[in-house]
Amino acid sequence: PSSHTVQRNLARLYQKKRVELKKTLASLPFISITADLWRSARNRSFLCMTTHFIPDETFILHSKVLSFRHFHGRHLSCRIRAHMHRVLQQFDLAGKVATTTTDNGADMKKATELLRLFGVRIHCMAHALNLTVQKGLSLAEEKAANDSVVCDNRPNRR
């Protein structure tokens, strides 16, 4: 198939899956979300929002990505909050969020502080453990020292 056919088929499949997810989420009394904002090695920022829910009495946890976007501009809490709120509105999830899990960054804490929009904010323990191990092993200091090393074959002239 041509690239146009593939694009058209992918767009159709995306819309179908999005409608199915919206229908599933509409039947739930509450959900939980996670949000993470990070910068790539190429200095591009990304924001990912995931929903977590138990759809029936089998008590099997389901997780689905709601949004995975390149985040342009500054990481201001008002901009992060506006994007997250827009995603929740797109999926008709206003008033259904019981908890939001994020890292402990000031921007994410401030962005998710509205209880009526984001429920109770929970600090990600995996992130905290990672930071603790890095600090305990002095990896952060080692990385900072390595950042000053020149990466080409020329000698480092300081």
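We now turn to the structure provided with this report. (Residues numbered from 1 in each chain as written. Predicted model: local features only at pLDDT ≥ 70, side-chain atom pairs only at ≥ 80, totals over all residues. Heavy atoms only, no water.)

Re the pattern of salt bridges
Under the defined criterion, the tally for this structure stands at four salt bridges. Measuring nitrogen to oxygen at the nearest pair gives 3.8 Å for the salt bridge that ties Lys-17 to Glu-20. Of this pair, Lys-17 and Glu-20 both sit in helix H1 (residues 3-26), separated by three residues, roughly a single helical turn. Relative accessible area serves as the criterion here: at 49%, Lys-17 is assigned to the partly exposed category. When the shortest N-O distance is used, the salt bridge between Glu-113 and Lys-110 registers 3.3 Å. What makes Lys-110 partly exposed here is its relative accessible area of 43%. (Salt bridge = Lys/Arg side-chain N within 4 Å of Asp/Glu carboxyl O. Helix = DSSP H or I, 4+ residues; strand = E, 2+ residues; numbered from the N terminus. Buried < 20%, exposed > 50% of the residue type's maximum accessible area, 1.4 Å probe, protein only.)

Quick notes on a nonpolar patch on the surface
Together, Val-6, Leu-10 and Leu-13 make up a nonpolar patch on the protein surface, roughly 260 Å² of accessible area in all. Positionally, Leu-10 belongs in helix H1. Residue classification places Leu-10 among the exposed positions, given a relative accessible area of 53%. (Patch = residues over 30% accessible without salt bridge, like charges linked within 9 Å, V, L, I, M, F, W, Y side chains within 5 Å. Areas by Shrake-Rupley, 256 points an atom, 1.4 Å probe, with all protein chains shown as cover.)

Remarks on the layout of surface pockets
Over the atoms, a rolled probe matching the size of one water molecule traces out where space is still vacant. Computed from the structure, the largest pocket encloses a volume of approximately 190 Å³. Around the largest pocket, the lining residues are Tyr-14, Arg-18, Leu-21, Val-65, Leu-66, Ser-67, Arg-69, His-83, Arg-86, Val-87, Gln-90 and Phe-91. Only H1, strand S3 (62-70) and helix H2 (77-90) provide two or more residues apiece to the lining of the largest pocket. Of the volumes computed, that of the second largest pocket is approximately 160 Å³. Put simply, the parts of the chain that give the lining of the second largest pocket at least two residues each are strand S1 (31-39), strand S2 (45-53) and strand S4 (97-102). (1 Å grid on protein atoms, 1.4 Å probe; cavity = no way out; pocket = protein on both sides within 12 Å on 5 of 7 lines; lining within 4 Å. Points joined across faces, edges and corners; volume = space filled by probe spheres on them.)

Some remarks on the environment of Thr-34
Residue position: Thr-34 is located in strand S1. Residues Thr-34 and Ser-63, 29 residues apart in the sequence, show an inter-C-alpha distance of 9.8 Å. In contact with Thr-34, not counting residues within four places along its chain, are Cys-48, Met-49, Thr-50, His-52 and Thr-101. Within the structure, Thr-34 has its side chain in polar contact with the side chain of His-52 (distance 3.1 Å). (Contact = heavy atoms within 4.5 Å. Polar contact = N/O pair within 3.5 Å; in protein donor to acceptor, adjacent residues only side chain to side chain.)

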